[in-house]
Amino acid sequence: MIKSVSIKNAVRDTVEIFQFDQWMRFYFVKGEGEDLRVEIPEDVMEQVKADHPALYRLADISNNGAIDYQRSQENVCSYVAAHLGGEKYDATVLPQVFDNAAFKIEMYIFNVWLKMHEAHLDEEYLDFGQWLEMYEGWNSLDEVKAYRKKLLENGTDPGMPACGTAQ
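No experiment lies behind these values; they were computed from the predicted model shown.

Quick look at the overall build of the protein
Reasoning step 1: Broken down by element type, the protein carries eight helices and two strands.
Reasoning step 2: Mapped from its N terminus to its C terminus, the protein presents α and β elements in the order α-β-β-α-α-α-α-α-α-α.
Reasoning step 3: For the protein, the residues scored as buried account for 40% of the 167 residues in total.
Reasoning step 4: Nonlocal contacts in the protein, meaning residues at least 24 apart in sequence, comprise 75% of its contacts between residues at least 6 apart.

Below is the structure:
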């Protein structure tokens, strides 16, 4: 099988995995203090399996497990390395993704959206597809496009996620 060398596509796929992780942590982290766990109900797991089969394995390995920032990052980075680096993209592509300005800016913009919409997202459960739809609607606004363009033109490095395991 020929593996893709498209950094643009790898950025898109990697961003989606990070977004999915944010979605899981937003709705399904339970507990108090430092004792946090991911608890995804079975019906949601089935919906993920049906609607986002490529992301199901990440949900499965995260579900019913303890979670903190480090474990989340390890899960996501390992998943990216195994499922994109091992299956879909040439080995030279993924290390370039995490240093790519478009990846960093997209993750930064997504986190801005998440902070701006947190109260609304908290009002009712949205499945991952609904999250993406809402994000894409916001993302298509002229103001957001102009902000992204400004970040790219200025070479701003928002310093968003890095994965040492994907190298």
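Side note on the nonpolar core
Reasoning step 1: In this structure, Phe-20, Trp-23 and Trp-131 are the most contacted members of the largest nonpolar core, which totals 45 residues.
Reasoning step 2: Among the secondary structure elements, those contributing two or more residues to this core are α1 (7-28), α2 (42-51), α3 (53-62), α4 (69-85), α5 (94-97), α6 (101-123), α7 (128-139) and α8 (142-154).
Reasoning step 3: No other element matches the 10 residues that α1 contributes to this core.
Reasoning step 4: Once residues lying within four places of it in the same chain are set aside, the contact partners of Trp-23 are Phe-28, Val-44, Val-48, Tyr-125, Leu-126, Asp-127, Phe-128 and Trp-131.

Here we look at the pattern of salt bridges
Reasoning step 1: Scanning all chains against the criterion turns up eight salt bridges.
Reasoning step 2: The partner of Asp-21 in a salt bridge is Arg-25, and the shortest N-O contact between them spans 2.9 Å. Pair noted here: Asp-21 and Arg-25 are both in helix α1, with a separation of four residues, about one helical turn.
Reasoning step 3: A relative accessible area of 4% places Asp-21 in the buried class.
Reasoning step 4: For Arg-25, a relative accessible area of 26% translates into the label partly exposed.
Reasoning step 5: A salt bridge links Glu-39 to Arg-37; the shortest N-O distance between them is 4.0 Å.
Reasoning step 6: Among the charged side chains, a network of salt bridges with common partners joins Arg-12, Asp-13 and Lys-88.

A few points about unusual backbone geometry
Reasoning step 1: One non-glycine residue, Asn-64, lies in the positive phi region at around 65°.
Reasoning step 2: Position of Asn-64 among the secondary structure elements: in the loop between α3 and α4.

Re α8
Reasoning step 1: Along its 13 residues, α8 runs 18 Å from first to last C-alpha, staying within 8% of the 18 Å computed at 1.5 Å per residue.
Reasoning step 2: Where the residues of α8 are buried, they touch α6 and α7.

As for the environment of Val-97
Reasoning step 1: One can find Val-97 in helix α5.
Reasoning step 2: Judged by its relative accessible area of 0%, Val-97 is buried.
Reasoning step 3: It is 9.7 Å that separates the C-alpha atoms of Val-97 and Val-15, two residues lying 82 residues apart in sequence.
Reasoning step 4: In this structure, Val-97 is in contact with Ile-7, Ala-10, Val-11, Thr-14 and Phe-103, ignoring residues within four places of it in sequence.

What counts, and where the lines are drawn
- Residues numbered from 1 in each chain as written.
- Predicted model: local features only at pLDDT ≥ 70, side-chain atom pairs only at ≥ 80, totals over all residues.
- Heavy atoms only, no water.
- Helix = DSSP H or I, 4+ residues; strand = E, 2+ residues; numbered from the N terminus.
- Buried < 20%, exposed > 50% of the residue type's maximum accessible area, 1.4 Å probe, protein only.
- Contact = heavy atoms within 4.5 Å.
- Core = buried A, V, L, I, M, F, W, Y, C linked by side-chain atoms within 4.5 Å.
- Salt bridge = Lys/Arg side-chain N within 4 Å of Asp/Glu carboxyl O.
- Expected span 1.5 Å × (residues − 1).

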